[in-house]
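Residue-level listing of the chains:
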Amino acid sequence: MISESAFLSGTYHRNGSHHSKILFGATLVLVISLAVVAGPWCSGYQFDRQDFSQLNQPPGWEHWFGTDELGRDVLVRCLVGGRISLQVGLIATLVSVVIGVLYGAIAGYAGGRLDALLMRTVDVLYALPFIFVVIVLFSFFGNDLWLLYAALGAISWLTMARIVRGQVLSLKTQPFVEAAVALGASPARIVFFHLVPNVLGTVLVYSTLTIPTVMLEESFLSFLGLGVRPPMASWGTLVSAGVPALAVYPWQVLFPGLLMTVTLIGLNLLGEGLRDALAVTEQKIS
Amino acid sequence: MLRFILLRLLTILPITLLVVTASFFLMRSAPGSPFVNSRTFSPEVVESLNRQYGLDKPIFFVTLLEPQTLEQPTSWLTRLTFRWNGVNNQYWNYVSSIARGDLGPSTRYEGRRVGDIIFEHFPYSAILGAISFALALTVGLALGVGAAVRQNSGLDRLVFLLTTVAVSVPAFVLGPVLVLLFSLTWYWLPPARWGGVRHLILPVLTLSLAYTAIIARLTRDGMAAALQADYIRTARAKGLREAVIVLRHALRNAVLPVISFSGPVLAFLLGGTVVVERLFVIPGLGSFFIEAATARDYTVVMGIVIVTAVLILVANLVTDVVTAWVDPRIRHEISR
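Model, not experiment: these values are computed from the prediction.

Rules of the game
- Residues numbered from 1 in each chain as written.
- Chains lettered and ligands numbered in written order.
- Predicted model: local features only at pLDDT ≥ 70, side-chain atom pairs only at ≥ 80, totals over all residues.
- Heavy atoms only, no water.
- Helix = DSSP H or I, 4+ residues; strand = E, 2+ residues; numbered from the N terminus.
- Buried < 20%, exposed > 50% of the residue type's maximum accessible area, 1.4 Å probe, protein only.
- Contact = heavy atoms within 4.5 Å.
- Areas by Shrake-Rupley, 256 points an atom, 1.4 Å probe, with all protein chains shown as cover.
- Patch = residues over 30% accessible without salt bridge, like charges linked within 9 Å, V, L, I, M, F, W, Y side chains within 5 Å.
- Salt bridge = Lys/Arg side-chain N within 4 Å of Asp/Glu carboxyl O.
- Buried area = accessible area lost by both parts, 1.4 Å probe.
- Nonpolar A, V, L, I, M, F, W, Y, C, P; charged D, E, K, R; others polar.
- Axes fitted to C-alpha atoms, helices over the stretch in contact; angles between N-to-C directions.
- Parallel < 35°, antiparallel > 145°, perpendicular 65-115°, else oblique.
- Left-handed = near helix turned anticlockwise from the far one by under 90°.
- Core = buried A, V, L, I, M, F, W, Y, C linked by side-chain atoms within 4.5 Å.
- Phe/Tyr/Trp six-rings, centres within 6.5 Å; stacked < 30°, edge-to-face > 60°.
- Lys NZ or Arg CZ within 6 Å of the ring centre and 35° of its normal.
- Polar contact = N/O pair within 3.5 Å; in protein donor to acceptor, adjacent residues only side chain to side chain.
- pLDDT = per-residue confidence, 0-100.
- Expected span 1.5 Å × (residues − 1).
- Bend = angle between axes of the 7 residues up to and from the residue.

Q: What exactly am I supposed to notice about the overall build of chain B here?
A: Within chain B, the regular secondary structure consists of 14 helices and two strands. Counting only C-alpha atoms, chain B reaches 85 × 60 × 40 Å along its principal axes. Counting across all 336 residues of chain B, residues that qualify as buried make up 48%. The contacts in chain B between residues at least 6 apart in sequence include a share of 72% that link residues at least 24 apart.

Take a look at the structure:
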C-alpha cells in the first residue's frame, strides 16, 4: 500500500552494518519459517481440533500459547496461520515481480507513446483504492486462497513496474545495448536477455521489501473478514478473532500479533541489509 | 510554476473520469446487485426498486450480443454484434449526474444522498488523518535529525531499533495492545468511539506510529548523506552556527525523500483507514466503505472511490509543488 517504497530511498549506509542486518534478518526469517513448516507436525495438536473441556485456557504447559474460544491450541493455529501468511507473502510477491518486471521493462524499452500509455495506466491504477479492487476480485472469483495470492500480487506490481521502467530507461542508452542492437538482436531478446538481468539486483531488493508489505495487506484483509476463511487461519484472522475478548483472553491476540511482528522485523531487516549491500540507491530507482 | 499547477489541475479531471469509468465497470461486473442480496424483498419489489433507482436501464451505450453461429467460418471479430442503447444508460446517467455535482442516492441507506453521507462522515476521517499525519511528520523529522546529527550514538541506535520495530507492528496488532494497556488495564483512556481529545489519543498513536518510523528513517538517511556533502563543509568553513548548518542547509536536501513519501500518505490518511476506524469504532469513510461494497451500494462505493482518487491526485500535485518549492533545481526544471 503506502509503506512499500519507503525503505528503498535510503541513500546512506552505515559501514558494515548491512552484514549484521542481513544476518539477523535472515536468521529470524529462517527460524520462523522452519517453525511454521515443521512445527505443526511436531505439535501434538491439530489446528482445527476443538476441545470443549479446554476452552480459553491461559498459556501453560499443556498449551504453550493457551487455547481459543473453541478449545483449539493457539500455538498450532499460529504456526499453521503463519504458513498461510508466509505463503501469501511469497506467492503474491512472485506474481507482482513477474507482472511488474515485464510491464516496466516493456514500457521503458519501448519508450514514446506506448511508454506514456502504459505509465498513465499505472497512474490511474494508483488512484484506485486497493481494497476496492480486492473486494471486486473476490466477488468475481469467489473467495479462494489462490485467488487471494493472485489478487494481492496483481495489486502490488505498480511500484515494481515504475522502478524497473526507470532502471531500463537509463540502461538502454548504455553501450552494451547498442552493441546488442548492432548485432541484430530482436527487441524481445534485448529486453529479456540484456536489460532484465541487469535490473535483477534492484528487483531482488524490492521484492524482499514487498513480502512484508503483501503480508500486511493479507492480514489486513483477513482482519476485515475478506481474506482467509475459517477453519483455515492466518495471523490476521487469528488477531481479528481474538480482539472481541481482548480484555479477558489477551493471549489470543498477543501471540499471533507478536509472531507476525517478529517475522516482519526479520523481513524488513533482510531487505534493508540487501539494499545497503547492493547499494541500491534512490538515484538508480527514480 | 503557476502554469505547471494549472496544467496538472487540468489533468486531474480526465484521470478522475478514467478512475470513475474503471471502477464503475468493475463494480457492475461483480456478481450481485443492491437489492437481490437482501432476501426480504419479493421479486416484484426488487424490480420496482431497480426501476426507481434507474438500475433497470442498460449499463452502457452499447450491449454486446451473443456471437452468432454462422455457416462459413469467419474471424471472431466479424461475428461480434452490438446493440445501441442510446444515451439513457446507467453509465451516462451516472457520469452526467456527477458532472452536475450529484453523487446520487444511496441504495442501502434509504432516502440519503451519497453526497450527504460523505459530507457527514469525511470530517471524522480527515481529522483523525490530519492529526496523525502532523504527529508523524513532526516526531519523525525530529527523531531523524537527532539521529543523523549524533550518528552512531546511543540516540541513533535507539531510533534505529524503535523504527525497525514500529514499521513491523501491524496497526491491527498495535491498536488492541494499546487498548489493552491504556484502557483495560490502567483505565487512562477511552477504548473506542468518537468523543473529545482523549478519545483521539489511541487511534492517532495507532495510525501514526509506522509513518513516524518511516519518516524518521528517511530523514536520518537523507540527513546523514547531506551532512557529508561539500556544501556543508563550505558552510562550516564560513563559520556558520551548527544549528543553521543542520536546519537550513542540510535539512533542505534531506527532506526531499520525506516529501515524496509524505504526499501519498497524507491522501491515504485523510481518506479514512479501514482498520483503525473499525477498531476504534470511528464513523469515518473507511468504516463505511467495506459495508457499502459488500452490500453492493454502488453509489456510495463510487462516491468514496472518487473522494480517494481526487485526494491522491491532489496530494501528488501538492507533493510536486512542495518539492519544487524546496528544491530550486526542480523548480527550474518545471518552469521551463
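Q: Can you walk me through the overall build of chain A in this structure?
A: Scanning chain A for helices and strands turns up 11 helices and zero strands. Seen in sequence order, chain A has helices and strands lined up from the N terminus as α-α-α-α-α-α-α-α-α-α-α. Every one of the 286 residues in chain A was classed for burial, and the buried ones make up 56%. In the structure as shown, chain A presents an accessible area of about 12100 Å², 68% of it carried by carbon and sulfur atoms.

Q: I tried to follow a nonpolar patch on the surface on my own but got confused; where do I start?
A: Residue and element names in this part refer to chain A. Residues V98, L102, I106, L114, L117, F192 and F193 make up a contiguous nonpolar surface patch of about 650 Å² in total accessible area. Taken together, the elements giving at least two residues each to the nonpolar patch come down to α2 (74–110), α3 (112–127) and α8 (187–223). Per-element tally for the nonpolar patch: the top contributor is α2, with three residues. Position of V98 among the secondary structure elements: in helix α2.

Q: What is the right way to read the interface of chain A and chain B from this model?
A: As a measure of interface size, the accessible area lost when the parts come together is often cited. Taken together, the contact between chain A and chain B spans 46 residues of the former and 54 residues of the latter. Interface of chain A and chain B: buried area, both sides summed, is about 4300 Å²; carbon and sulfur atoms make up 80% of it. Counting across the interface, chain A meets chain B through one salt bridge. At 11 residues, helix α10 (residues 251–277) of chain A tops the list of elements feeding residues into the side of chain A that touches chain B. In terms of residue class, the side of chain A that touches chain B is built from 31 nonpolar, 10 polar and five charged.

Q: What's the story with the packing of α8 of chain A against α10 of chain A in this structure? I'm lost.
A: For any two helices packed against each other, one specifies the inter-axial angle together with the distance between the axes. All names here are of chain A. Direction vectors running N to C along α8 and α10 enclose 160°, while the axes themselves pass 7 Å from each other. Relative to α10, α8 is oriented roughly antiparallel. Note that α8 runs across α10; the crossing there is left-handed. Contacts between α8 and α10 involve L204, V205, T208, L209, I211, P212, M215, L216 and S219 from the first element and M260, T263, L264, L267, N268, L270, G271, E272, L274 and R275 from the second. Here the contact of α8 with α10 is built from residues that sort into 12 nonpolar, five polar and two charged.

Q: Mind showing me how you'd approach the environment of L317 of chain B here?
A: Residue and element names in this part refer to chain B. Looking at the secondary structure, you find L317 in helix α13 (residues 298–326). When the C-alpha atoms of L317 and F4 are compared, they prove to be 9.7 Å apart, with 313 residues separating the residues in sequence. Residue contacts for L317: discarding those within four places in its chain leaves F4, I5, R8 and L9.

Q: Would you mind showing me how to read the nonpolar core here?
A: The nonpolar side chains of a soluble globular protein tend to be buried, and buried together. Residues I131, F132, L152 and W235 of chain A are the most contacted members of the largest nonpolar core, which totals 124 residues. Counting residues per element, this core draws most heavily on α13 of chain B, which supplies 13 residues. Among the nonpolar cores identified, the runner-up in size contains 18 residues, and A105, I190, V191 and L195 of chain A belong to it.

Q: Quick question: what am I supposed to make of the side chain of T273 of chain B here?
A: Residues and elements named next belong to chain B. Mapping T273 onto the fold places it in the loop between α10 (242–270) and α11 (274–279). Accessibility expressed as a relative area gives 6% for T273, which makes it buried. Look past the residues within four positions of T273 in its chain and what remains in contact with it is L207 and F268.

Q: Before we go on, may I ask you to explain the packing of aromatic side chains in this structure?
A: The relative placement of two aromatic rings is captured by the distance of their centres and the angle of their planes. Taken as a whole and judged by the stated rule, the model has 11 aromatic pairs over all chains. Aromatic side chains Y211 of chain B and F261 of chain B sit 6.5 Å apart centroid to centroid with 40° between the ring planes, which places their arrangement in the tilted category. Taken together, the residues span a long stretch of sequence, with Y211 of chain B in helix α8 (residues 197–227) and F261 of chain B in helix α10 at a distance of 50 residues. For the pair shown, Y211 of chain B and F261 of chain B are each scored as buried. In textbook terms, an aromatic cluster arises when at least three aromatic residues are bridged by ring pairs, as seen for F24, F25, Y91 and Y94 of chain B. Over the face of the ring belonging to F193 of chain A we find R189 of chain A, whose NZ or CZ atom lies 4.7 Å from the ring centre. Positioned above the aromatic ring of Y298 of chain B, the side-chain terminus of R28 of chain B is 4.1 Å from the ring centre.

Q: Just to check I follow, could you spell out the side chain of R220 of chain B for this structure?
A: Within the secondary structure layout, R220 of chain B lies in helix α8. At 3.0 Å, the side chain of R220 of chain B and the side chain of D156 of chain B are in polar contact.

Q: Any chance you could explain the pattern of salt bridges here in plain terms?
A: Note that side chains of opposite charge can pair when their charged atoms are close. Applying the stated criterion to the full structure yields 12 salt bridges over all chains. Among the ionic pairs, R165 of chain A bridges to D115 of chain A, the shortest N-O distance being 2.7 Å. Of this pair, R165 of chain A sits in helix α6 (residues 157–171) while D115 of chain A sits in helix α3; the two residues are 50 residues apart in sequence, bridging distant segments of the chain. Two residues, D102 of chain B and R113 of chain B, come together in a salt bridge whose shortest N-O distance is 2.7 Å. Pair noted here: D102 of chain B is in the loop between α4 (90–99) and α5 (114–149) and R113 of chain B is in the loop between α4 and α5, with a separation of 11 residues, a long-range link. Connected through shared salt-bridge partners, K21 and E272 of chain A together with R217 of chain B make up one network.

Q: For this particular structure, what's the right way to read the confidence of the model for chain B?
A: Parts of the model with low pLDDT should not have their predicted coordinates read in detail. Residues and elements named next belong to chain B. A residue-level look at chain B finds 94% of positions with pLDDT of 70 or above and a mean pLDDT of 84. Per-element mean pLDDT across chain B ranges from 64 in helix α3 (residues 76–79) up to 92 in α5. Scored as a whole, the predicted complex attains pTM 0.83, and scored at its interfaces, ipTM 0.78.

Q: I tried to follow α5 of chain B on my own but got confused; where do I start?
A: Helix length check: α5 of chain B (36 residues) gives 50 Å between terminal C-alpha atoms against 52 Å at 1.5 Å per residue, within 8%. The largest bend along α5 of chain B reaches roughly 35° and is located at H121 of chain B, with the proline P123 of chain B sitting one to four residues downstream.

Q: Would you explain unusual backbone geometry in this entry?
A: Backbone phi values are negative for most residues with the exception of glycine, while trans is the configuration of most peptide bonds. The backbone of N152 of chain B sits at a positive phi, close to 60°, despite the residue not being glycine. For N152 of chain B, the location among the structural elements is in the loop between α5 and α6 (154–168).

Q: Sorry, what's going on with α6 of chain A here?
A: Residues spaced three or four apart along an α-helix face the same direction, because each turn holds 3.6 residues. The first and last C-alpha atoms of α6 of chain A sit 21 Å apart over 15 residues, in line with the 21 Å expected at 1.5 Å per residue. Within the span of α6 of chain A, buried status applies to W157, L158, T159, M160, A161, I163, V164, G166, Q167, V168 and L171 of chain A.

Q: For this particular structure, what's the right way to read the confidence of the model for chain A?
A: All names here are of chain A. Of the residues in chain A, 87% reach a pLDDT of 70 or more, and the chain-wide mean stands at 79. When pLDDT is averaged over each helix and strand of chain A, the minimum, 42, is found for helix α11 (residues 282–285) and the maximum, 89, for helix α7 (residues 175–182). Note that pLDDT drops below 50 for residues 1–15; the model gives that stretch 57 contacts with residues more than four away or on any other chain. Segment residues 282–286: pLDDT under 50, and 12 contacts once partners within four positions in sequence are set aside and those in other chains are kept.

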